[in-house]
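In case you want the letters, here they are:
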Amino acid sequence: MRNSQNIYLSRSETVAASEETTWSFPGALVGFVSWLLALGIPFLLYGPNTLFFFLYTWPFFLALMPVAVVVGIAVHSLLGGKLRYSCLATVIIVATMFGALFMWLMG
């Protein structure tokens, strides 16, 4: 003999949909804006001569753009969607990556 009870589900009860939070768009936007800000830092430090440096090295800095977007998404999701903290952390991380690449290419 089976030792269980029958469970009846009525159609009037709706199953609650699982709430999925998406951090991809705000994180990607923060990553892209931080990449643009990091692109402007060498212009502030070295002036208009930075254009001649970027003339030959632009593929390296362009390759950092998708990395910055992924970093923005990852940081925004790891911080639970807190926009202020993720903006600050993403700008610091992307500026550090940008500075390391810039110093490596400068020799």
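Our subject is the structure that appears above.
Calculation rules
Residues numbered from 1 in each chain as written. Predicted model: local features only at pLDDT ≥ 70, side-chain atom pairs only at ≥ 80, totals over all residues. Heavy atoms only, no water. Phe/Tyr/Trp six-rings, centres within 6.5 Å; stacked < 30°, edge-to-face > 60°. Helix = DSSP H or I, 4+ residues; strand = E, 2+ residues; numbered from the N terminus. Buried < 20%, exposed > 50% of the residue type's maximum accessible area, 1.4 Å probe, protein only. Polar contact = N/O pair within 3.5 Å; in protein donor to acceptor, adjacent residues only side chain to side chain. Patch = residues over 30% accessible without salt bridge, like charges linked within 9 Å, V, L, I, M, F, W, Y side chains within 5 Å. Areas by Shrake-Rupley, 256 points an atom, 1.4 Å probe, with all protein chains shown as cover. Salt bridge = Lys/Arg side-chain N within 4 Å of Asp/Glu carboxyl O.

**Student:** Can you walk me through the packing of aromatic side chains in this structure?
**Tutor:** Any pair of aromatic rings gets described here by the distance separating the centres and the angle formed by the planes. On inspection of all chains with the given rule, the structure shows 10 aromatic pairs. A ring pair is formed by Phe53 and Phe102, whose centres lie 4.9 Å apart and whose planes are at 70°; its orientation type is edge-to-face. Here Phe102 lies in helix H3 (residues 83-106) and Phe53 lies in helix H2 (residues 50-78), a separation of 49 residues in the sequence. Ring geometry for Phe60 and Trp104: centres 6.2 Å apart, planes at 80°, overall edge-to-face. Separated by 44 residues along the polypeptide, Phe60 in helix H2 and Trp104 in helix H3 bring together distant segments of the chain. According to the relative accessible area criterion, Phe60 is partly exposed, its value standing at 39%. Clustering of aromatic rings is evident, with ring pairs tying together Phe43, Tyr46, Phe53, Phe54, Phe61, Phe98 and Phe102.

**Student:** Is there a simple way to think about the side chain of Ser86 in this case?
**Tutor:** Within the secondary structure layout, Ser86 lies in helix H3. One polar contact links Ser86 to His76, side chain to side chain, over a distance of 2.8 Å. Polar contacts involving the side chain of Ser86 include one to the main-chain carbonyl oxygen of Leu83, which spans 3.0 Å.

**Student:** Teacher, can you tell me more about the environment of Ala74 here?
**Tutor:** Checked against the element boundaries, Ala74 lands in helix H2. When the C-alpha atoms of Ala74 and Gly27 are compared, they prove to be 7.3 Å apart, with 47 residues separating the residues in sequence.

**Student:** How should I be thinking about a nonpolar patch on the surface in this particular structure?
**Tutor:** Residues Phe25, Leu29, Phe32, Val33, Leu36, Leu37 and Val91 make up a contiguous nonpolar surface patch of about 620 Å² in total accessible area. In this fold, Leu36 is placed in helix H1 (residues 24-46). According to the relative accessible area criterion, Leu36 is partly exposed, its value standing at 40%.

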